[in-house]
Amino acid sequence: MTSTSELAGRVAVVTGGGSGLGAASARALGAAGATVVVADLDADAAASVADVVVADGGAASSVGVDVADAAACAALMATAVERHGGLHIVHNSAGVAWPGRDGFTGDMDAAVWDQVIGINLSGTFYCCRSAMAHLAASGGGSIINTASSMAHLPLGMLDAYAASKGGVAMLTRSMASGAGRVGVRVNAISPGYVDTPMNALIWQTPQLHDAFAQGHATGLQTAEEIAEVVVFLASDASRSFTGAVLTCDRGWTAFKRPEALG
Ligand SMILES: NC(=O)c1ccc[n+]([C@@H]2O[C@H](COP(=O)([O-])OP(=O)(O)OC[C@H]3O[C@@H](n4cnc5c(N)ncnc54)[C@H](O)[C@@H]3O)[C@@H](O)[C@H]2O)c1
């Protein structure tokens, strides 16, 4: 992993850092010089990713957290400050997609709706709320939320997930005004379909894999390239960006997908 020092002296919290996009983000932020707190419901996975960041030559620690628990999110941000002396960057990547359980609203168990919204949307809100005063006290900072192409173009049959990500996108835009007054920028990323455990079904099914690959203008993307967008949004190079929801989806939402995808 290429190492730079553009984020030297900054402390970053990455939720959902134990897997997928969050793990790639933790590694990239660490390689860019930030001290990374890897946070995940799976505490062992978070610790393993923190070990990788350190093995890459960076600095990291880990925390087990359930982002659907408001008090746990507050404790996470306080722990980052206590351990590392400040807080400058938060990437909210924790999230769930439950095809099959989540689906068409007419058939969905209300408990599934509550859980998906509770983790994806309320979890993002809790982490932003808990981080804000620490970011301000550290001289300002950058929050990167994780929306989705589904905030812009739902697949269908994942109603709770799409609603949660639409909520993350609009929370990000609305929050930018108040956050700006305390020197905090807040943006969201909307990736396309990336090979992570969340999307295992797509990658294990050749027809789905091929159809999804065709739906992206320049082919499928990796977690590492999404992490480069996160590092950009964390860095001063993105100072003009706040309240932005960046589609970084290789064109998935830019044009009509093949009929095979329904
Ligand atoms: N993979 C994609 O194609 C894709 C596309 C667009 C958006 N996203 C979003 O990116 C984010 C990361 O997804 P991913 O693909 O890396 O999935 P992933 O399943 O690989 O990782 C998600 C991580 O979040 C953690 N997590 C789940 N519930 C949690 C909770 N309550 N508290 C704390 N941590 C929790 C999991 O343990 C896991 O480590 C999600 O918000 C997802 O919706 C993913």
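Everything quoted here is computed from the prediction, not taken from an experiment. Counting restarts for each chain: residues are numbered from 1 in the order of the written sequence. Selection of residues for local features in this predicted model requires a pLDDT of at least 70, selection of side-chain atom pairs for listing and counting requires 80 or more, and totals for whole chains, interfaces and linings are taken over all residues. The basis for every side-chain value is the complete set of non-hydrogen atoms in the structure, without hydrogens or water.

1. Describing the pairing of strand 4 (residues 89–92)
On a regular strand, one side chain projects to one face of the sheet and the next to the other, so that they alternate.
So, point 1. Here the term buried applies to any residue with accessible area under 20% of the maximum for its type, exposed to any over 50%, and partly exposed to those in between, with areas from a 1.4 Å probe on protein chains only. Think of it this way: any DSSP run of H or I at least four residues long counts as a helix, any run of E at least two long counts as a strand, and we number them from the N terminus. Neither face of strand 4 is open: one carries Ile89 and His91, the other Val90 and Asn92, and all of them are buried.
So, point 2. Should DSSP find at least two bridges between two strands, the strands are taken to pair. Alignment of strand 1 (residues 11–15) against strand 4, held across four bridges, turns out to be parallel. When the sheet's bridge partners are listed, valine 13 is paired in strand 4 with valine 90.
So, point 3. Pairing of strand 4 with strand 5 (residues 141–146) involves four bridges; the strand directions are parallel. Counterpart to histidine 91 in the pairing with strand 5 is isoleucine 144.
So, point 4. Convention used here: a crossover is right-handed provided that the path from the first strand, over the helix, to the second strand proceeds clockwise when the strands point away from the viewer. Following the backbone out of strand 4, through helix 4 (residues 110–137) and into the adjacent parallel strand 5, one traces a crossover that is right-handed.

2. A word on the site of the ligand
So, point 1. Neighbouring residues of the ligand: 28 residues in total, closest Ser19, Asp40, Tyr161, Thr196 and Asn199.
So, point 2. A distance of 2.6 Å is found between an oxygen atom of the ligand and a side-chain nitrogen or oxygen belonging to serine 19.
So, point 3. Valine 194 places a polar main-chain atom, nitrogen or oxygen, 2.7 Å from an oxygen atom of the ligand.
So, point 4. At the level of elements, helix 1 (20–31) and helix 5 (159–181) are the ones that each hand at least two residues to the shell around the ligand.
So, point 5. Here the shell around the ligand is composed, by residue class, of 14 nonpolar, eleven polar and three charged. The near set for a molecule or strand comprises every residue that places at least one heavy atom within 4 Å of it. Throughout this description, a polar contact denotes any pair of N or O atoms lying within 3.5 Å of each other; where both atoms belong to protein, one of them has to be capable of donating a hydrogen while the other can accept it, and for residues adjacent in sequence the pair is counted only when both atoms sit in side chains. Ten residues, namely Ala, Val, Leu, Ile, Met, Phe, Trp, Tyr, Cys and Pro, are considered nonpolar, four, namely Asp, Glu, Lys and Arg, are considered charged, and the remaining ones, Gly among them, are considered polar.

3. Comments concerning helix 4
So, point 1. Here the expected span of a helix is defined as 1.5 Å times the quantity of residues minus one. Given a rise of 1.5 Å per residue, 28 residues ought to cover 40 Å, and the 39 Å separating the end C-alpha atoms of helix 4 matches this to within 8%.
So, point 2. Of all the bends in helix 4, the greatest measures close to 40° and is centred on glycine 118.
So, point 3. By the N-cap criterion, in which a side-chain oxygen at the helix start approaches the backbone nitrogen of a residue two or three places on, helix 4 is capped by aspartate 109, the distance to alanine 111 being 2.8 Å.
So, point 4. Of the residues one or two after helix 4, glycine 139 is the one with positive phi, at around 100°. At any given residue, the bend is defined as the angle formed between two axes, one fitted to the seven residues that end at that position and one fitted to the seven that begin there.

4. Here's the deal with the packing of aromatic side chains
So, point 1. Pairing of aromatic side chains here covers Phe, Tyr and the six-membered ring of Trp, requires ring centres within 6.5 Å, and sorts the geometry by plane angle: under 30 degrees stacked, over 60 edge-to-face, intermediate tilted. Tallied over the entire structure, the rule returns five aromatic pairs.
So, point 2. With a centroid separation of 5.7 Å and an interplanar angle of 55°, the aromatic rings of phenylalanine 125 and tyrosine 126 are classed as tilted.
So, point 3. Among the residues examined, phenylalanine 125 registers a relative accessible area of 38% and is labelled partly exposed.
So, point 4. What links up through ring pairs into an aromatic cluster is the set Tyr193, Phe212 and Trp252.
So, point 5. The criterion is that NZ of a Lys, or CZ of an Arg, lies within 6 Å of the ring centre and within 35 degrees of the ring normal, and then a charge sits over that ring. We note arginine 101 situated over the ring of tryptophan 98; from NZ or CZ to the ring centre the distance is 4.1 Å.

5. Concerning the packing of helix 4 against helix 5
So, point 1. Orientation is described by lines fitted to C-alpha atoms, with helices fitted over the stretch in contact, and by angles between N-to-C directions that extend from 0 to 180 degrees. One can describe the packing of helix 4 onto helix 5 by two numbers: an axis separation of 8 Å at closest approach and a directional angle of 15°. Here helix 4 lies roughly parallel to helix 5, going by the angle between them. As for the relative orientation of helix 4 and helix 5, their crossing is right-handed in sense. On helix 5, the residues touching Trp113, Val116, Ile117, Asn120, Leu121, Thr124, Phe125, Cys128 and Met132 of helix 4 are Asp159, Ala160, Tyr161, Ala163, Ser164, Lys165, Gly167, Val168, Leu171, Met175 and Ala179.
So, point 2. Grouping the amino acids of the contact of helix 4 with helix 5 by side-chain chemistry returns 14 nonpolar, four polar and two charged. Working definition: roughly parallel below 35 degrees, roughly antiparallel above 145 degrees, roughly perpendicular at 65 to 115 degrees, and oblique for all remaining angles. Each crossing gets its hand from how the near helix is turned against the far one by less than a right angle, where anticlockwise is left-handed and clockwise is right-handed. What makes two residues a contact is simply this: any of their non-hydrogen atoms within 4.5 Å.

6. Overview of the environment of lysine 256
So, point 1. If you trace the backbone, lysine 256 turns up in the segment after strand 7 (245–248).
So, point 2. Residue classification places lysine 256 among the exposed positions, given a relative accessible area of 64%.

7. Digging into the packing of helix 3 (residues 70–84) against helix 4
So, point 1. The N-to-C vectors of helix 3 and helix 4 enclose an angle of 35°; their axes lie 9 Å apart at closest approach. Along this stretch, helix 3 crosses helix 4, giving a crossing that reads as right-handed. Counting all contacts with helix 3, which are made through Ala70, Cys73, Ala74, Met77, Ala78 and Val81, the residues of helix 4 involved are Gly123, Tyr126, Cys127, Arg129, Ser130, Ala131 and His134.

8. Some points on the pattern of salt bridges
So, point 1. What makes a salt bridge here is a side-chain nitrogen of Lys or Arg within 4 Å of a carboxyl oxygen of Asp or Glu, nothing more. Applying the stated rule across the entire model yields three salt bridges.
So, point 2. Between arginine 27 and aspartate 56 there is a salt bridge, and its shortest N-O distance comes to 2.9 Å. Placement of arginine 27 in helix 1 and of aspartate 56 in the loop between helix 2 (43–55) and strand 3 (59–64) is noted, with a sequence separation of 29 residues between them.
So, point 3. Judged by relative accessible area, arginine 27 falls into the partly exposed class, the value being 30%.
So, point 4. Residue classification places aspartate 56 among the partly exposed residues on the basis of a relative accessible area of 32%.
So, point 5. When the shortest N-O distance is used, the salt bridge between arginine 250 and glutamate 225 registers 2.8 Å.

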